Amino acid sequence: MTQEYDLVIVGGGISGASLLYTAAEFTDIERIALIEKESEVARINSHRTNNSQTLHFGDIETNYTLEKAEDVKEGAELLAGYLENHDHDREMHSKRSKMVLAVGEEESAQLDARYHEEGFGELFPKLRDIGREEIAELEPAVVEGREPDTELRALQTPDGYVVDYGAVAQSFVAKAEENDGVDVFTDTTVERVNQTDEEFLVETEDEGWFESETTVVAAGSHSLQIAKRMGYGEGMSLLPVAGSFFLADDFLNGKVYTLQMKKLPFAAVHGDADVHDDSITRFGPTAKLVPALERGELSTVSDFFDVFGMSPDSFLSYANILADKVLLPYVLKNLVYDVPELGKRAFLPDVQKVVPSAELEDISRAKGYGGVRPQIVDTEKKSLDMGEAKITGENVIFNITPSPGASTCLKNAMRDTRTLMDFFDGDYEFDEEAFREETIGQFPRA
């Protein structure tokens, strides 16, 4: 059995769901299918327990350049506007204060330069440079128990959106399904995608064949796997990083980040309340390398080696990356965090940088929390390529979206929809003005 569509989207996480919503609501594409291998959408990395629940604007992410922050800011405002427009009861998100905390003179000087000299204060009008007294008013636990002569500084904003990305993805899909010609297939595993001169044939295990004029693969780590099988993505591999968290009682009112390293942006610990339960504070993420594309799924170990490629360039790339004098100690340290009791003791100083009064019995390893983020490896340069990755071929797009992919999901969807219009060569139109009005047009700027 073959089912015919104009567009097939493979993957029902926040990335695939946002594209489905954008294409269904704001274009006149007639037939669209979304294919998801799980029993419902957003069950893997978009699930609320498997990510930081942060909407990244670039205001407190200290590894971002000003140029990167400008790009991410628009993406975050698109999603924030959607939430303001469609989630008045706060079922998909909450809003809390957020700040990046500097401890000591050196870190304080870095924040001062970032805010006043590098242009972040101008780019983010709501961002404030505050000292110990205001920090104590907003987050008492950050100051209590700390040495009084330790210099404290923070960049703080009220735009601390805490997001259940799984719920947002489900919302996108529900709105898309209200349109004629949109079909969503769950419990449907894609076996392979075949490209001919005129069309794509998507073979599935459960629903037969899907024939489409264009295809977008938005399946996280599996996107590169599918791309490689189709002859795309040469010179690329993945370094899967599994994140985990420690839990504590309600120490914090909002999000408190620490300064990030440009080389290891995922290394900085932050503390924040869970999106649906502000009596829980999550600290993390920790990060360890795993030979799998999904957390706890042994079946994806072979998928990892499929993507890895087992080539000399892949091995040399890994050796070069892991030999880094900053990365290697970090990798080894994170292995310790998984050791019972010893892991808590090793992680406690990171918690105490945010909450000095925290003690060993206050924290516990979070079971069932944390997903896998695929960091891109450039096997030609033998280096780690931080950020989002996209491969665009003839009438096909592959999205591989580590952080901040969820935050910029609607911006990515907007860009991909523009590309799709080029693929269709004028057969369909994208009402970008209406799309922006429904999203970023609803973002509160006052």
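Refer to the structure above for everything that follows.
For the structure given in this document, a descriptive report is provided here. A quick note: this is a predicted structure, and the numbers were derived from the prediction, not measured.

A few points about unusual backbone geometry
- Residues glycine 284 and proline 285 are joined by a peptide bond in cis, for which omega reads 0 degrees.
- Mapped onto the secondary structure, proline 285 falls in strand E13 (residues 281-289).
- Within the chain, arginine 90 stands out as a residue other than glycine whose phi angle is a positive 55 degrees.
- Within the secondary structure, arginine 90 sits in the loop between helix H2 (66-86) and strand E3 (93-103).
- On the accessibility criterion, arginine 90 (40% relative accessible area) is partly exposed.
- One non-glycine residue, glutamate 341, lies in the positive phi region at around 65 degrees.
- Structurally, glutamate 341 is set in the loop between helix H11 (327-336) and helix H12 (342-354).

What to know about the packing of H2 against helix H7 (residues 165-177)
- Here H2 crosses H7 at 70 degrees, and the two axes come no closer than 12 Å. Between H2 and H7, the crossing angle belongs to the class labelled roughly perpendicular. Of H7, the residues touching H2 (which contributes Leu79, Tyr82, Leu83 and His86) are Tyr165, Val168, Ser171, Phe172 and Lys175.
- The class makeup of the residues in the contact of H2 with H7 is 6 nonpolar, 2 polar and 1 charged.

Some words on the pairing of strand E17 (residues 389-393)
- Covered by surrounding structure in E17 are Ala389, Ile391 and Gly393 only, the residues Lys390 and Thr392 on the alternate face being uncovered.
- Taken together, the 5 bridges between E17 and strand E18 (residues 396-400) define a ladder with antiparallel strand orientation. Opposite isoleucine 391, over in E18, you have phenylalanine 398 as the bridge partner.
- The antiparallel pairing of E17 with E18 creates a hairpin that spans 2 residues between the two strands, and asparagine 395 there sits at a positive phi of about 65 degrees.

Here's the deal with the nonpolar core
- Within the largest apolar cluster, 64 residues are counted, with the highest numbers of intra-cluster contacts made by Leu55, Leu79, Phe172 and Leu410.
- Non-local contacts of leucine 55, meaning those with residues more than four positions away in its chain, are made with Ala76, Leu79, Ala80, Lys98, Tyr161, Val163, Tyr165 and Ser407.
- By size, the runner-up hydrophobic cluster in this structure holds 38 residues, among which are Leu238, Phe304, Val307 and Ile391.

About the cut-offs
- Residues numbered from 1 in each chain as written.
- Predicted model: local features only at pLDDT ≥ 70, side-chain atom pairs only at ≥ 80, totals over all residues.
- Heavy atoms only, no water.
- Helix = DSSP H or I, 4+ residues; strand = E, 2+ residues; numbered from the N terminus.
- Buried < 20%, exposed > 50% of the residue type's maximum accessible area, 1.4 Å probe, protein only.
- Axes fitted to C-alpha atoms, helices over the stretch in contact; angles between N-to-C directions.
- Parallel < 35°, antiparallel > 145°, perpendicular 65-115°, else oblique.
- Contact = heavy atoms within 4.5 Å.
- Nonpolar A, V, L, I, M, F, W, Y, C, P; charged D, E, K, R; others polar.
- Pairing = 2+ DSSP bridges.
- Core = buried A, V, L, I, M, F, W, Y, C linked by side-chain atoms within 4.5 Å.

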